[in-house]
Structures are given as structure tokens and as C-alpha cells.
Amino acid sequence: MIKVENLRKTFGSKIAVDGVSFEVKKGEVLGFLGPNGAGKSTTMRMITGFLQPTAGKVRVGDYNMWENPLQAKRLIGYLPENAPLYEDMTVSAFLEFVADLRGLRGAEKSKAVDKAVDTCFLQSVRHQSIETLSKGYRHRTCFAQSIIHDPEVLILDEPTDGLDPNQKHEVRSLIRRMGEEKVIIFSTHILEEVEAACSSAIIIDRGRIVAKGTPDELKKTSPRAGSVVVRVHHSEPDAVKSRLQGINDVSEVEVVEKNGAASVFRAIPKAQTSSDSLSLQISEMIGTENWKCDELHTEEGRLDEVFRKITMPDTETASASK
Amino acid sequence: MSQPISNTSMGNLKAVIKRELLSYFFSPIAYVFIVIFLLLAGFFTFMIGGFFERGQATLESFFMWHPWLYLFFVPAVGMRLWSEEKRLGTLELLFTMPVQLWQVAVAKFLASWIFLILALALTFPYVITVNWLGDPDNGVILCGYIGSFLLSGAYLAISCMTSALTRSQVISFILSVVICLLLILCGWMPVTDLLITSGAPVWLVDLVAGLSFMTHYEGLQRGVVDSRDVIYFLSVIVFALFTNAIILRDERA
């Protein structure tokens, strides 16, 4: 549905986006991650046809964005960063204006406006002037604008920025629900959002794609992914540690927390070992040693660690030792 | 999607014109502008132009001030057209919609021109007054209105163009006043006389004056609709709007 090939954008001598390629199919939600200034917004502006790429191609459906811009733009709904709006209009006048530009007329138009107002919970501010709205409402008004023509493709630049936790939750479930039948690309720097809503994710840094995969795949690249964490009540933590170290498949044991009664250990498996077999071995050991254990789990890995590892390679060691 | 293209173009033009016009009248700007324009027009006509002292049933003392009145009034009306979109970021919204650049540029221009025509139309009491006091040549008056209308369009197109250059309304205003002032002065009698006495060749002075608003505006004020004058104003408008579109296009490339 959306195919981006070798997209490049330079502003003067500054390279903002440097050879980004990816493809998103119907029913997929793609999360766009990256530190501020990594080129997320610039990439989105090129996909939506606002900026012309220095090189590379954007295909939306059957259309090339720079050869058939009107047809391509009809398929897209776009929420720009910071939710720009015409301050002097009322919410409904603004939505009607957008519906006009989207080619909706008459009954179709008023139905579309009503539906967008309902979906985005804007009934209470419908006739209010936009400049009087709070940030959450402004954001939702701009979101309503992007879905008014029921587009096949939704491109959302930081859709949950500035929303309170409840609103964030609403927007995320909206994205997930719509993602079932549309193509959605959204950018964020909130990692839990990616886990909550995305079917795949791309991490972009300094204009390049540095990692790509489903959230689970990405998490597995975390340095701690696959390690087994165990909490044992024992008077001599060092003894426990050395016993755990004795297991063949363990490459290293860290003491995560040590306080009087209970201690928390982290066993990192050797490269070829699966974490399942390691946790089995540890639970057997707990049985034979008769330790009192109240927690045993396998670490899934955390996206924020992956993110840090990839986008800040210099400080990787510093954060890992934390 | 199966609509003919011309149909959607008209729809887009109408939508943008409507939005722009409403945004004048949603805020007090429109009313303030119109009142000030009418007051100033009256002040120049009666106090400085000596409407009554002339003892003639013409609107000459009314129209002669329009180039100067518009010099500040029109850039003030046009300055926000693009710079406000840039400041708010709505330009991004607008240009990711299925609209063409020329449609938006033309629609914005037309909306503001309609507003200026409305302000100009509200000067109808002058026409009634001279008709009541004397027996004027209404053909000349109509011609004067056509000239004034075209003049405001030319100023406005230049304001649209400068507005596309910057996100600051103030800068857009000043740039457009300066450009319009230059276009007035290069054909204004005192300046052309000065050029000739200082030894500039006549053909050069004529050429420069030919680019001026004044030369063509004065022709229309004499009651003669010369196609060259009309074409001059229309080509200023087309040129400025074209430049306007190029500026906006290049910015996104």
C-alpha cells in the first residue's frame, strides 16, 4: 500500500533523511521511532507530499506521490506534528472546510463531519472557536480532520503528544482499531506506545533506519533479553550466586538487589542456550537446594534499552552497568 | 473520485474563498478595516482634495487619492494570507490535501479582492452625492471605479507575493508597501519631471513610467478604458500570483 524507496532529503548541506526504504501493507501499523531531530517528521512530510524528496520515491496505493499527487493525497489522512489548525474557525466550520477540500458534498459531508466528531469525542466543543480549546481538544480536532474522509492510509506525527493518560489510551486504542483495516504510520518517542499499538516498528537515527522489526523482535535485541531473574530468600547470597554460576548454560550471574532476607539474581544464558531451558534448570535447582523462591521470570527485553543501545552507542556501556 | 476535474477545482476554489472571507468577518479586522478605509477616503476627498471647493460634479478628488490610500490599506488586508498559514503550520495541512497550488493561490487572492471590492462599494454615497449636487458624467465615474478596482487587485497580488515570503505579517506588510511605493513613484509626475530635468533620456523615463501604477491609473481616471491599461493591471496580477506560487513551490522542494 505504501512503498518508500531510498528516500533522501537534504536542506542545504544538512542531510535530514538519508536513504530510507520500507513498505507497509494493509492492516499494518508501523511505529516510527527515533530521537528528536532524527528525521521522522521530514520523512512523514515527504510521504504526505508536503516536501519534495531530494531523491527517492514514494508510492501510495497505485500512485507515485510526485507524479500523481492529487490521487495519492486522496488516499491519505495526515495529522501533522503540533496539530496545526485555523485558530479563528469553530471546530465544525473547520471540519466542514476540510470535508469540502476532500471533495465531500451535501449529506455525505455532514455525515462525515458527524462521524469524525463522534469518533474523536468532540461533541461538547463542536461550536467552540478553536483558539479557545485546550491542547487535548486541539489535538483531537486535528485528528478528526485526518480521518474525515475515511482514508485508506493514516499518517500521524506524534498523535499522543500533549495528551493526558486517558486520552493517550483512547488514541492508542483508536489507532489499533483502525489499524485492522487501514495502513497506519505513526511516529512517537514514547516506547510503550509502540508495544501497545504497532505491528511493526522502525527506529530511525540521523536520517537512517537503524533497526526494523516487530516490537518483539526488537525487544529480543536488548542486552538483557532472555536472562532469567530469580528472587531467593537466603541468608548467604554469595553462596546462591556461586551455585547459579555453576549451571553449565549460565555465562554470568549478576546480583541485582541484595537486602537481608531476599536477594534478586539475574542469570544471563550462554549464546546458544534458550532462555526456557535455562529457567527450567534454575527451577530444578531451587527444588533440589530447597531455596525459598517467590519470583522467577524470563526477561523479555525492553524497548527503551534497545532504543538507547541503537541511538546512543557511546553511552551503551554506561547505561548497561546501571 | 469520478468527478470531473473542473468540478473539483471549482469546489476547492469555493471552499478556500469561503474560508478566507469568513476569517475576515469572524474577527473584528474586517469591520475595523472598512471603517478606517471609509473615514480616510472621506478625509482625503473632502479635506485635502477639496471636493466642494472645486465646484465640479466629478469624483476626481475622490479617486486621485486611491493609489496612496491603497498603499497602506491593501498590504494590511493581504499581509496575513500566507504568513499566517506559515506561522500556524496550517500550510502543511493545506498542501497535503488533494488541492493544487494554483487553486489555493487564486482563491486566496480572489477572497481578499472581494473584500476590497466590498469596501470600495461602500463608497457609493459619493456617487449619490455628486449626482444630487450636479450632473456628472457617470461613465467617467464608472471608469474611475474600474481603475480603482484594478489598482487594488494589483496591490493585492503584490501583497500575496510578499506574504508568501515570510511567516511574519509585519515583514510582509513592509515589503509590500515598499514594492507598491516604488511602482507608484516611478511614474508619479514629480519624480518623472525630476528625472527628465536631471538629464535622463526620455525613452528611459518613459519606459520606467510605463511600469508604474500611476501612468495607467491616470489614464482610466480620465474616463478612457484603454485596453493597454487594463492589460497592464491584469499582467501585474498574473505575474505576482505566478511568483507567489513559485515561491511556495520552491520552498517545499
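It should be noted that the structure appears before, not after, this text.
Right, let's walk through the structure included here. (Residues numbered from 1 in each chain as written. Chains lettered and ligands numbered in written order. Predicted model: local features only at pLDDT ≥ 70, side-chain atom pairs only at ≥ 80, totals over all residues. Heavy atoms only, no water.)

### Digging into the pairing of strand S6 (residues 76-79) of chain A
All names here are of chain A. Residues Ile76 and Tyr78 line one face of S6 and the alternating positions Gly77 and Leu79 line the opposite face, and both faces are buried. Pairing of S6 with strand S7 (residues 153-157), which is carried by four bridges, proceeds in the parallel orientation. Note on S7: the bridge partner recorded for Leu79 is Leu156. (Buried < 20%, exposed > 50% of the residue type's maximum accessible area, 1.4 Å probe, protein only. Helix = DSSP H or I, 4+ residues; strand = E, 2+ residues; numbered from the N terminus. Pairing = 2+ DSSP bridges.)

### Quick notes on helix H3 (residues 91-101) of chain A
Residues and elements named next belong to chain A. Counting buried positions along H3 gives nine out of 11 residues, so the element sits mostly inside the fold. Those residues of H3 not exposed but buried are Val91, Ser92, Phe94, Leu95, Phe97, Val98, Ala99, Asp100 and Leu101. Of the residues flanking the end of H3, it is Gly103, one or two places downstream, whose phi is positive at about 85°.

### Concerning unusual backbone geometry
Residues and elements named next belong to chain A. Phi at Asn82 is positive, roughly 65°, even though this residue is not glycine. Topologically, Asn82 is positioned in the loop between S6 and H3. Phi is positive for Asn290, close to 65°, though the residue is something other than glycine. Inspection of the secondary structure puts Asn290 in the loop between helix H10 (275-289) and strand S14 (292-298). Take Asn290: its relative accessible area is 65%, and that puts it in the exposed class.

### Looking at the interface of chain A and chain B
Contacts between chain A and chain B engage 28 residues on the former and 25 residues on the latter. Counting the surface lost from both chain A and chain B, the interface buries some 2800 Å², and carbon and sulfur atoms represent 64% of this. Looking at the side of chain A facing chain B, the largest losses of area belong to Phe50, Tyr86 and Leu101 of chain A, adding up to 26% of the total buried there. For the pair chain A and chain B, the number of links is two salt bridges. The shortest N-O distance in the salt bridge between Asp88 of chain A and Arg19 of chain B comes to 3.9 Å. Scanning the region where chain A abuts chain B turns up eight residue pairs in polar contact (both at pLDDT 80 or more). (Contact = heavy atoms within 4.5 Å. Buried area = accessible area lost by both parts, 1.4 Å probe. Salt bridge = Lys/Arg side-chain N within 4 Å of Asp/Glu carboxyl O. Polar contact = N/O pair within 3.5 Å; in protein donor to acceptor, adjacent residues only side chain to side chain.)

### Quick look at the packing of helix H4 (residues 66-78) of chain B against helix H10 (residues 169-185) of chain B
Residues and elements named next belong to chain B. It is at 9 Å that the axes of H4 and H10 come closest, and there the two elements cross at 155°. Taken together, the axes of H4 and H10 are roughly antiparallel relative to one another. Once H4 is placed against H10, the crossing between them reads as right-handed. In this structure, H4 contributes Pro67, Trp68, Leu71, Phe72, Pro75 and Ala76 to the contact, and H10 contributes Phe173, Ser176, Val177, Cys180, Leu181, Ile184 and Leu185. Among the residues making up the contact of H4 with H10, the classes are represented as 12 nonpolar, one polar and no charged. (Axes fitted to C-alpha atoms, helices over the stretch in contact; angles between N-to-C directions. Parallel < 35°, antiparallel > 145°, perpendicular 65-115°, else oblique. Left-handed = near helix turned anticlockwise from the far one by under 90°. Nonpolar A, V, L, I, M, F, W, Y, C, P; charged D, E, K, R; others polar.)

### Examining the pairing of strand S2 (residues 14-24) of chain A
Residues and elements named next belong to chain A. Where strand S1 (residues 2-11) and S2 come together, eight bridges link them in antiparallel fashion. By the bridge assignment, Lys3 is partnered in S2 with Glu23. Joining the antiparallel neighbours S1 and S2 is a turn of two residues, in which Gly12 adopts a positive phi near 60°.

### Quick look at the packing of aromatic side chains
Inspection of the entire model under this criterion finds 28 aromatic pairs over all chains. Residues Phe37 of chain B and Tyr70 of chain B carry aromatic rings whose centres are separated by 6.0 Å and whose planes lie at 5° to one another, so their mutual orientation is stacked. With a gap of 33 residues between them, Phe37 of chain B in helix H2 (residues 29-48) and Tyr70 of chain B in helix H4 connect regions that are remote in the sequence. An aromatic cluster of at least three residues, connected via ring pairs, comprises Phe33, Phe37, Tyr70, Phe73, Tyr155, Phe213, Tyr232 and Phe233 of chain B. Geometry around Tyr86 of chain A places Arg19 of chain B over its ring, the cationic atom sitting 3.7 Å from the centre. The ring of Phe97 of chain A has Arg19 of chain B lying over it, and the distance from NZ or CZ to the ring centre is 5.8 Å. (Phe/Tyr/Trp six-rings, centres within 6.5 Å; stacked < 30°, edge-to-face > 60°. Lys NZ or Arg CZ within 6 Å of the ring centre and 35° of its normal.)

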